Amino acid sequence: MPNCEKCNDKHTDPINPDMPCQWCRKEEHADEMTIRSIVSRMGKEFENLTLDTYPAKSDEQKAALKACWDFVHNVARYSREGKSLLLSGNYGTGKTGLAVGIKRELGRTRGPKGWSIPICNEAEHFFPALGREYASDHSVLTGPAIAPFLILDELGLTPPEKIVITDFAMNLTALDVWQTVIDHRWRNRLLTVYTSNFPLRPVADEKSLAGFYGDRFVDRLRDHCTVVEITDTGSMRGDGNE
């Protein structure tokens, strides 16, 4: 009986040997449920979006799509070099769609057992990761914070001063959480795709990640990521929302 094509394990279904094993099928289902939770707020037109079907119209969207394909095709090199990807730009220009496309492509080509690709878009998702035993040495980080592959969507969505963990001894803000998580992923060369509606640094009077979180935070992101900017003003969905 042949091994599973996805994970090369020997638990292939004896009745349908060409199908992925039961463990891969379970992970595929869980992976698709994660994608649906994101696309549910993006609109029906994104439900089956992949990098192959991504509707790149502007030159910047085409360049961003090319960068995403480069990331997928050279993911081993990105991992060795400790480099990740930051998709930055205006609302509705397709950044989350590209991130979901990367997720689907890597899930398809690498197999679910090879990649754990949770999507998070709020600092609150890291409550279990930091918990009440928060430590600056990252020793208590768990869950999505230490996943081998993470899509962190809409960086800058949570105000930096917002208290996201409260304890008798301390209050942790969104900035505390992001600094710890991103620093951990940078130091451990963990692959990450970030998206943000804000540029790294201010252009004219626009809001920026530097304005929200400070120069040190932005410098760490720049060290960690290849930055791709989509500054088109038009929305892919025509409603001005990401």
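Presented here is a report on the structure given in the accompanying data block.

Let's talk about the sheet that holds strand 6 (residues 191-196)
Here's step 1: Taken in spatial order, the five strands of this open sheet run 2-3-6-1-7, and their pairing is parallel. At either margin of the open sheet sits one strand with a lone partner, and together these are strand 2 (119-120) and strand 7 (225-230).
Here's step 2: Across the sheet, helix 6 (residues 174-187) lies against strand 3 (149-152) and strand 6, angled at about 140 degrees from strand 6, the strand it touches most.
Here's step 3: The sheet contacts of helix 8 (residues 215-224) involve strand 1 (84-89), strand 6 and strand 7, and relative to strand 7 the element is tilted by about 105 degrees.

Regarding the side chain of Asp 153
Here's step 1: You can see Asp 153 is positioned in the loop between strand 3 and strand 4 (163-166).
Here's step 2: At 2.8 Å, the side chain of Asp 153 forms a polar contact with the side chain of Thr 96.
Here's step 3: A polar side-chain atom of Asp 153 sits 2.5 Å from a polar atom in the side chain of Thr 195.

Observations concerning unusual backbone geometry
Here's step 1: A positive phi angle, close to 60 degrees, is found at Glu 154, a residue other than glycine.
Here's step 2: Within the secondary structure, Glu 154 is located in the loop between strand 3 and strand 4.
Here's step 3: According to the relative accessible area criterion, Glu 154 is buried, its value standing at 10%.
Here's step 4: Phi is positive for Arg 189, which is not a glycine, with a value near 55 degrees.
Here's step 5: Secondary-structure assignment places Arg 189 in the loop between helix 6 and strand 6.

With respect to the side chain of His 224
Here's step 1: With respect to the helices, strands and loops of the structure, His 224 is situated in helix 8.
Here's step 2: Among the polar contacts listed, one links the side chain of His 224 to the side chain of Tyr 194, at a separation of 3.2 Å.
Here's step 3: Those residues in contact with His 224, other than ones at most four positions away along the chain, are Gly 82, Lys 83, Ser 84, Arg 185, Trp 186, Leu 190, Thr 192 and Tyr 194.

Notes on the pairing of strand 3
Here's step 1: With burial as the criterion, each face of strand 3 is covered, one bearing Phe 149 and Ile 151 and the other bearing Leu 150 and Leu 152.
Here's step 2: Pairing of strand 2 with strand 3, which is carried by two bridges, proceeds in the parallel orientation. If you follow Cys 120 over to strand 3, its bridge partner there is Leu 152.
Here's step 3: Relative to strand 6, strand 3 is paired through four bridges, and the arrangement is parallel. Across the sheet, residue Leu 152 finds its bridge partner in strand 6, namely Tyr 194.

Considerations on the pattern of salt bridges
Think of it this way: side chains of opposite charge can pair up when their charged atoms draw near.
Here's step 1: For the structure shown, the criterion picks out seven salt bridges.
Here's step 2: The shortest N-O distance in the salt bridge between Asp 183 and Arg 187 comes to 2.6 Å. Separated by four residues within a single helix, Asp 183 and Arg 187 lie in helix 6, roughly one turn from each other.
Here's step 3: The closest approach of N and O atoms between Arg 220 and Asp 223, which form a salt bridge, is 3.7 Å. Here Arg 220 pairs with Asp 223, and both are found in helix 8, just three residues apart, close to one helical turn.
Here's step 4: Accessibility expressed as a relative area gives 18% for Arg 220, which makes it buried.

Cut-off values and rules
- Residues numbered from 1 in each chain as written.
- Predicted model: local features only at pLDDT ≥ 70, side-chain atom pairs only at ≥ 80, totals over all residues.
- Heavy atoms only, no water.
- Pairing = 2+ DSSP bridges.
- Helix = DSSP H or I, 4+ residues; strand = E, 2+ residues; numbered from the N terminus.
- Contact = heavy atoms within 4.5 Å.
- Axes fitted to C-alpha atoms, helices over the stretch in contact; angles between N-to-C directions.
- Polar contact = N/O pair within 3.5 Å; in protein donor to acceptor, adjacent residues only side chain to side chain.
- Buried < 20%, exposed > 50% of the residue type's maximum accessible area, 1.4 Å probe, protein only.
- Salt bridge = Lys/Arg side-chain N within 4 Å of Asp/Glu carboxyl O.

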